[in-house]
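Overview (structure and organization)
Chain by chain, the residues run as shown.
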Amino acid sequence: MVGAATPTSAAVAATVAQVVPSTGSPVVVELGPGTGSLSDGIHARLPADARHLGIELGADMVAHLREHRPWLEVVHGDAGDLVSVLAEHRIDKVDAVISSIPWSLLDDDAQGHILDQAAKALTPNGAFTALTYLPAERTRNARRFRERLHETFDEVLTHTTWRNFPPILHYFCRRPLV
Ligand SMILES: C[S@@+](CC[C@H](N)C(=O)[O-])C[C@H]1O[C@@H](n2cnc3c(N)ncnc32)[C@H](O)[C@@H]1O
């Protein structure tokens, strides 16, 4: 369930980090931080009072993150348990959910469940981002994911980062419809 050929580039991380508040005391959660290549860009932008959690399924990735990204609150768990993980960490709502889990490899039910958890976790003005490989966009699961984003959020914008192999299609979503 890694779903990645190579770690994502700094250009991808810089694009994703734009949704993260740079002032105040925001709470940001990453779903599937993997090697932490997005985490660095997010961390660089977050203010000192922020909380930055990462929920990661892979035990090896969890160990890697704990060793190399000590500022990240790493949870060894499943993105599908987002709401209960946040409750365990005494967090009510989050300002941004940043996901790099392999959405196009997930079936309809899993996509729907994790998106529902993300929508419930966000503040009304919170941001959700997802990234998918551009070449995979024509697959059935990728099309279904796009439809689900429009069912879950009032605003769904896209952006392509070409400086990555393969190129990345970003989704930027706001105003959860829950
Ligand atoms: C594409 S990789 C991470 C990409 C990351 N930006 C990088 O460059 O390393 C996807 C990650 O999501 C994790 N993952 C997959 N399904 C997950 C789930 N349901 N909950 C949490 N993490 C998950 C995988 O273990 C993997 O580390």
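Residues numbered from 1 in each chain as written. Predicted model: local features only at pLDDT ≥ 70, side-chain atom pairs only at ≥ 80, totals over all residues. Heavy atoms only, no water.

**Section: the nonpolar core**
Residues Leu31, Val94, Trp103, Phe128 and Leu149 are the most contacted members of the largest nonpolar core, which totals 30 residues. Looking at which element gives the most residues to this core, the answer is helix 5 (residues 108-121), with four residues. For tryptophan 103, the residues in contact, after removing those within four places along its chain, are Gln111, Ile114, Leu115, Phe128, Ala130, Leu131 and Phe145. Counting residues in hydrophobic clusters, the runner-up holds 15 residues, among them Val12, Ala13, Val28 and Ala127. (Core = buried A, V, L, I, M, F, W, Y, C linked by side-chain atoms within 4.5 Å. Buried < 20%, exposed > 50% of the residue type's maximum accessible area, 1.4 Å probe, protein only. Helix = DSSP H or I, 4+ residues; strand = E, 2+ residues; numbered from the N terminus. Contact = heavy atoms within 4.5 Å.)

**Some words on the sheet that holds strand 6 (residues 153-161)**
One open sheet holds the seven strands; their spatial order is 3-2-1-4-5-7-6, and the pairing between them is mixed. Since the sheet does not close on itself, it has two edges, and those belong to strand 3 (73-76) and strand 6, each with one partner. Within the sheet, the average angular offset between the axes of one strand and its neighbour, ignoring direction, is 20°. Helix 1 (residues 10-17) rests against strand 4 (94-99), strand 5 (122-133), strand 6 and strand 7 (168-176) of the sheet, and its axis sits at about 15° to strand 7. (Pairing = 2+ DSSP bridges. Axes fitted to C-alpha atoms, helices over the stretch in contact; angles between N-to-C directions.)

**A word on the UniProt feature "domain: Methyltransferase" (unreviewed entry) in the chain**
When the UniProt feature table is mapped onto this chain, "domain: Methyltransferase" (unreviewed entry) is found at residues 28-126. The distance from the first to the last C-alpha atom of residues 28-126 is 10 Å, and the span holds 40% helix and 25% strand. (UniProt positions renumbered as here; feature names shortened; annotations may be inferred.)

**Describing the packing of aromatic side chains**
Under the counting rule described, the total for this entry stands at four aromatic pairs. Ring centres of tryptophan 103 and phenylalanine 128 lie 6.2 Å apart, and the angle between their planes is 70°; on these two criteria the pair is classed as edge-to-face. Separated by 25 residues along the polypeptide, tryptophan 103 in the loop between strand 4 and helix 5 and phenylalanine 128 in strand 5 bring together distant segments of the chain. Each member of the pair, tryptophan 103 together with phenylalanine 128, is buried. Relative to phenylalanine 145, the ring of tryptophan 103 has its centre 4.6 Å away and its plane inclined at 15°; by these criteria the two rings are stacked. Of this pair, tryptophan 103 sits in the loop between strand 4 and helix 5 while phenylalanine 145 sits in helix 6 (residues 140-152); the two residues are 42 residues apart in sequence, bridging distant segments of the chain. Ring pairing ties together the aromatic residues Trp103, Phe128, Phe145, Phe153 and Tyr171, which thus form one cluster. (Phe/Tyr/Trp six-rings, centres within 6.5 Å; stacked < 30°, edge-to-face > 60°.)

**Describing the pairing of strand 3**
Sheet faces and side chains relate simply in a regular strand, where the side chains alternate between the two faces. Note: strand 2 (residues 51-56) against strand 3, four bridges, orientation parallel. Among the inter-strand pairings, glutamate 56 is bridged to a residue of strand 3, identified as histidine 76.

**Notes on the pattern of salt bridges**
In total, this model carries 10 salt bridges according to the counting rule given. Notably, a salt bridge pairs arginine 146 with glutamate 137, separated by 2.4 Å at the nearest N-O pair. Ionic pairing is found between glutamate 155 and arginine 175, a salt bridge with its closest N-O pair at 3.6 Å. Of this pair, glutamate 155 sits in strand 6 while arginine 175 sits in strand 7; the two residues are 20 residues apart in sequence, bridging distant segments of the chain. Shared partners join several salt bridges into a network, and the residues in it are Asp108, Arg140, Arg144, Glu147 and Glu151. (Salt bridge = Lys/Arg side-chain N within 4 Å of Asp/Glu carboxyl O.)

**Examining the environment of serine 100**
Within the fold, serine 100 resides in the loop between strand 4 and helix 5. By relative accessible area, which is 22% here, serine 100 ends up partly exposed. Counting along the chain gives 58 residues from serine 100 to isoleucine 42, while the straight-line C-alpha distance between them is 13 Å. Setting aside chain neighbours within four positions, we find serine 100 in contact with Leu31, Gly32, Leu38 and Leu131. A polar contact is formed between the side chain of serine 100 and the backbone oxygen of glycine 32, at a distance of 3.0 Å. (Polar contact = N/O pair within 3.5 Å; in protein donor to acceptor, adjacent residues only side chain to side chain.)

**As for helix 1**
Of all eight residues in helix 1, six are buried; the element is thus mostly enclosed. Taken residue by residue, helix 1 has Ala11, Val12, Ala13, Thr15, Val16 and Ala17 as its buried positions. As for helix 1, its buried residues are in contact with helix 2 (37-45), strand 4, strand 5, strand 6 and strand 7.

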